[in-house]
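Each chain, written out:
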Amino acid sequence: SWTFYDQAANGEPPAQGDASWNQIAYNDSNWPGSGPGKLGYGDSDVVTTVGYGGDSSHKYITTYFRRSFQITDLDTISAMMMRLRFDDAVAVYLNGTEIYRHNLPAGPISFDTLATSTGSETKIYSHYFDPTDLLVSGTNVLAAEVHQRSQTSSDIAFNLDLAVIEET
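Residues numbered from 1 in each chain as written. Predicted model: local features only at pLDDT ≥ 70, side-chain atom pairs only at ≥ 80, totals over all residues. Heavy atoms only, no water.

(A) Highlighting the sheet that holds strand β1 (residues 2–5). Here we have six strands laid out as an open sheet, ordered β2-β1-β5-β10-β7-β8, and antiparallel in their pairing. Each end of this open sheet is capped by a strand with a single partner; those strands are β2 (33–35) and β8 (97–102). Direction aside, neighbouring strands of the sheet carry axes that sit 20° apart on average. Across three bridges, β1 lies against strand β5 (residues 62–71) in antiparallel orientation. Across the sheet, T3 pairs through a bridge with R66, a residue of β5. (Pairing = 2+ DSSP bridges. Helix = DSSP H or I, 4+ residues; strand = E, 2+ residues; numbered from the N terminus. Axes fitted to C-alpha atoms, helices over the stretch in contact; angles between N-to-C directions.)

Take a look at the structure:
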């Protein structure tokens, strides 16, 4: 189940002290929704519907997602594999560090950063990475922000699976 923040009309989710929305210390208990993937709107296979605001001609550009998970033995993990489905653009973070970006401009991004081109919700990516410097024993947080190409986009999609690859 993912927690989501779908109300970024006037700014990103607030920081709590020094904790940004994509870091472990951030408390997302007041975020407006949660549910399993596929999350989004406008597609027939959406499992959890997220909001876009009150005006279909001025939808929110960005929706934020968070999910925590536990790691008990860091020594056995050699890599991770991420399978990701999104529409139109995405940035993914592990414990506050960006690990993947697609269809977004280089440099800092914010709640009103548009996707660089129109994507397709049928895009599926597999991404292998070495998380050893990013994971901690105990609670970890996977976070993502999905950006639209325009405020009139007809749909948004997000689904992410993360698999641990253990040393043998």
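More follows now that the structure is in view.
(B) Local environment of the pairing of strand β10 (residues 138–147). Extensive coverage of β10 is indicated by the burial of eight of its 10 residues. In the sheet, β5 pairs with β10 via 10 bridges, with the strands oriented antiparallel. The partner of R67 across the bridge, within β10, is L142. Two strands pair when backbone bridges link them, and strand β7 (residues 89–94) and β10 are joined in this way by six bridges, in the antiparallel orientation. What sits directly across from L94, in β10, is L142. (Buried < 20%, exposed > 50% of the residue type's maximum accessible area, 1.4 Å probe, protein only.)

(C) Region of interest: the packing of aromatic side chains. Taken as a whole and assessed by the stated rule, the structure comprises eight aromatic pairs. Aromatic pair Y5 and W31: ring centres 5.5 Å apart, planes at 55°, arrangement tilted. Placement of Y5 in strand β1 and of W31 in the loop between β1 and β2 is noted, with a sequence separation of 26 residues between them. The class for Y5 is buried, based on a relative accessible area of 15%. Connected via pairs of aromatic rings, a cluster forms that spans Y5, W21, Y26, W31, Y64 and Y93. K59 extends its terminal NZ or CZ atom over the ring of Y52, reaching a point 4.9 Å from the ring centre. (Phe/Tyr/Trp six-rings, centres within 6.5 Å; stacked < 30°, edge-to-face > 60°. Lys NZ or Arg CZ within 6 Å of the ring centre and 35° of its normal.)

(D) Inspection of the environment of A9 at higher detail. By the element assignment, A9 lies in the loop between β1 and β2. Separated by 82 residues in sequence, A9 and A91 have C-alpha atoms that sit 18 Å apart. Each residue touching A9, except ones within four places of it in the same chain, is listed here: Y60 and F111. (Contact = heavy atoms within 4.5 Å.)

(E) Quick look at the pattern of salt bridges. Per the counting criterion, the structure on display carries six salt bridges. Two residues, D45 and K38, come together in a salt bridge whose shortest N-O distance is 2.6 Å. Under the relative-accessibility criterion, D45 is labelled partly exposed at 36%. Residues joined by salt bridges that share partners form a network here, namely K38, D43, D45 and R85. (Salt bridge = Lys/Arg side-chain N within 4 Å of Asp/Glu carboxyl O.)

(F) Quick peek at the nonpolar core. In this structure, L84, V92 and F158 are the most contacted members of the largest nonpolar core, which totals 26 residues. Of all elements in the fold, only β1, β3 (39–41), β5, β6 (77–87), β7, β8, β10 and β11 (156–166) reach the threshold of two or more residues within this core. Ranked by residues supplied to this core, first place goes to β6 with five residues. Listed in part, the 15 residues of the second largest apolar core include Y5, A8, A89 and A91. (Core = buried A, V, L, I, M, F, W, Y, C linked by side-chain atoms within 4.5 Å.)

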